[in-house]
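Understanding the architecture of this molecule
Read off the chains here:
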Amino acid sequence: YYDDADGLENYRLVKESPYWSNVQMTDEGPLHQEYGDPQTGELYEGPYAFEDDDDAYSATKLFERVDGATLTGEVGNLSEVDVEEATITAELGLFSDTARTFEYSQTAEPDENGEFELTVPYPSNEEYGPDDGFAESAITPLGDSYQVNVENETGDLVKQANVAVNESDVQFGKTQSVEFEPAN
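The structure displayed is predicted, hence computed values, not measured ones.

1. What to know about the pattern of salt bridges
For the structure shown, the criterion picks out five salt bridges. Across the pair R12 and E64 runs a salt bridge, and its minimum N-O distance is 2.9 Å. Placement of the pair is R12 in strand β1 (residues 11-16) and E64 in strand β6 (residues 61-65), with a sequence separation of 52 residues. In this structure, D67 and R65 form a salt bridge, with 4.0 Å as the shortest nitrogen-oxygen distance. On the basis of relative accessible area, R65 is assigned to the exposed category, the value being 52%. Residues joined in a network through salt bridges with shared partners are R12, E64 and E167.

Have a look at this one:
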């Protein structure tokens, strides 16, 4: 559950508890520090202290396995970057019913022909729910599309696209083509 399973292709968060804990990664693995109840503000502290709440995570999370929507395309002729050095990233902002926002991202590298493929587990809309035989998700998208970026080896944005991903694309493993525009 660490880092909201960011980057996983076939698993997505569908529910999390309102109780939280602070987790810090060490060479030996995660280190549990404190946990609390946001309703009462009651805090239970462990032996370690943190500078801020950037490492606060829900104590319990439920994930669902999905086929995932596959985004495909080609970066084309990039005069600004060597195709073998390009990185493609798809990002979608999400909101939890615990009033927490987070970002899902997936990264791919193009092959020698500039073609890429990456799979994403979250839709950018809420097309299906329990009435349709699917899990009720407490996670909702903040926008109506994934932001897909092509960056060069120094991290400069060279191309971008917005891609709407439907729940049916995610549930049934459909493929969508990405058409890039030059970055502004």
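2. A short note on the packing of aromatic side chains
Under the definition given, this model contains two aromatic pairs. Ring plane angle 45° and centroid distance 5.8 Å describe the contact between F116 and F180, whose orientation is recorded as tilted. Taken as a pair, F116 in strand β10 (residues 115-120) and F180 in the loop between β14 (175-177) and β15 (181-182) lie far apart in primary sequence, 64 residues in all.

Conventions adopted
- Residues numbered from 1 in each chain as written.
- Predicted model: local features only at pLDDT ≥ 70, side-chain atom pairs only at ≥ 80, totals over all residues.
- Heavy atoms only, no water.
- Salt bridge = Lys/Arg side-chain N within 4 Å of Asp/Glu carboxyl O.
- Helix = DSSP H or I, 4+ residues; strand = E, 2+ residues; numbered from the N terminus.
- Buried < 20%, exposed > 50% of the residue type's maximum accessible area, 1.4 Å probe, protein only.
- Phe/Tyr/Trp six-rings, centres within 6.5 Å; stacked < 30°, edge-to-face > 60°.

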